[in-house]
Amino acid sequence: MANLKAVRGTRDLLPPETAIWNRIEATARAVFARYNFGEIRTPIFEDTGLFARSVGEETDIVSKEMYTWEDRARAQSEKAQSLTLRPENTAGVVRAYIEHKLGETGQLQKLYYMGPQFRRERPQKGRYRQFYQIGAEVMGPPSSGSESPLRDAEVLEMLATLLDELGITGWTLELNSVGSSADRARYNEVLRAALVPLAPKMCADCQRRAVTNPLRVLDCKVPEDQPLIATLPMIAESLDEDSKAHFAAVMAALDAAGVPYVRNDRLVRGLDYYTRTTFEFTHGGLGAQNALLGGGRYDGLSEAIGGPKAPGIGFAMGLDRLVLTLQSQESTVLETIMIETQSDVFIAPIGEAQNAPALALARELRKSGLRVELGDGAFRVKKSFEIGNKLARNIVLLGEDEIASGILTVKDFLSGVQTKVPRADLGKFLVK
Ligand code: HAM
């Protein structure tokens, strides 16, 4: 069993980097609270059929990337069930919405989630087989206002706010509309016809999709196919008046709120459930995997998996990619996090006899909210200073004299200043 390593495409997240992850999650929770979102936690695995019916059989995710297994039947009367590690979380949220009859409240449901997702993709920078998403969904019966373009604009405005508050600069919001399901059906037929002469010159996936689900041809990444794909008709030409008006209203609200965007007519997104608004926020610092987040509207998804009419819109951000972006940009955010996660004080017992009193002192200081690192009496004074300087802002030596007199010497590593402080006042002094 030598050399056991994390599985390809998965990785360990270690401190101090995890402090950045925690900061992003805390900022997201704070922003979601201001928009009145509540947290939902759905299972990590679901029935395979859920993803096939929502994300779509012909998508890359379902046809190539899912971790699926037959769960053993426990009794002879039971059938083995096909289960899948969730490749995304929208399907699970909509399943939960249906299962718990959230639509019957008549209210708009605003739900956010954070957690791991799994796709068997080729690992590279910003692309992992276990990755993390922070996402949110806004859905409800049509009477709750769930179809309104204002919901789309509000979600996009919230994302702009969140990225700004995370300290991510230089993002681009790319926006498109893929129309209603009727528009999409029309567009699929237009594409099908356009692909008849082209498909034989394209890759095997495209040849199959040209027949089964022509829209998915647009997801093709094969370089040789791209010039042909560029000649295909645009979805904008298949939108009806309602869809055009909905899209225009989303853009008008974004303009009014001062959220910048660019239109990208080719943005159809690689999942089948989208209708009308689709979007991605991209960032130049990420390289090939440049999508920080993606999302869109899915007005027919609930019905497609057996639920009531429940139009909705949502997004998921790649947490791994947010961290990479913060690390790639010259940012004071990282410095601030590093300073904030530094300990306030290193307590250095000068001999074995001071170990126990040092723990008592550390306990008091920690109770008053300070971050405390504790040394050991076996360390020399020199070593205590070396370790303390790396870990903490201040050092307090605890020897026999200090314990007897109750007067402690605090050295501030940053300024070099030493101050004598009565033990009872130490907490207050350090908090300052
Ligand atoms: P998605 O575009 O498949 O959409 O994923 C959303 C984001 O997750 C991507 O923009 C990217 O940042 C991140 N991501 C995806 N795959 C990987 C990977 N292998 N490694 C690292 N990061 C990755 C969805 O998942 C939809 N459920 C979003 C949504 C919510 N639409 C409506 N509601």
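Residues numbered from 1 in each chain as written. Predicted model: local features only at pLDDT ≥ 70, side-chain atom pairs only at ≥ 80, totals over all residues. Heavy atoms only, no water.

Asks: Can you tell me about the pattern of salt bridges, naming the residues and giving the values?
Replies: Inspection of every chain in the model, using the stated rule, returns 24 salt bridges. Across the pair Asp320 and Arg11 runs a salt bridge, and its minimum N-O distance is 2.6 Å. Placement of the pair is Asp320 in helix H11 (residues 319-328) and Arg11 in the segment before helix H1 (17-34), with a sequence separation of 309 residues. In this structure Asp320 comes out as buried when scored by relative accessible area, which is 4%. (Salt bridge = Lys/Arg side-chain N within 4 Å of Asp/Glu carboxyl O. Helix = DSSP H or I, 4+ residues; strand = E, 2+ residues; numbered from the N terminus. Buried < 20%, exposed > 50% of the residue type's maximum accessible area, 1.4 Å probe, protein only.)

Asks: Explain the site of the ligand to me, using residue names and the numbers behind them.
Replies: Among the 27 residues in the neighbourhood of the ligand, the closest are listed as Glu88, Glu121, Tyr128, Arg269 and Tyr274. In this structure, Glu121 approaches the ligand through a side-chain N or O atom, which is 2.7 Å from a nitrogen atom. Between the ligand and Gly314 there is a distance of 3.5 Å, counted from a nitrogen atom to a backbone nitrogen or oxygen. Look at the ligand: alone it shows 650 Å² of surface, and the protein chains cover 96% of it. Of all the secondary structure elements, the ones that give two or more residues to the shell around the ligand are strand E6 (130-139), strand E10 (291-297) and strand E11 (312-318). When residues in the shell around the ligand are grouped by element, the largest group, six residues, is from E10. Per-class residue counts for the shell around the ligand are twelve nonpolar, eight polar and seven charged. (Near = heavy atom within 4 Å. Polar contact = N/O pair within 3.5 Å; in protein donor to acceptor, adjacent residues only side chain to side chain. Areas by Shrake-Rupley, 256 points an atom, 1.4 Å probe, with all protein chains shown as cover. Nonpolar A, V, L, I, M, F, W, Y, C, P; charged D, E, K, R; others polar.)

Asks: Help me get a handle on unusual backbone geometry, residues and values and all.
Replies: A negative phi holds for most residues other than glycine; trans holds for most peptide bonds. The omega torsion across Pro15 and Pro16 is 5 degrees, close enough to zero to call that bond cis. Even without being glycine, Lys101 reaches a positive phi, approximately 50 degrees. Locating Lys101 in the fold gives a position in the loop between helix H4 (90-99) and strand E5 (109-118).

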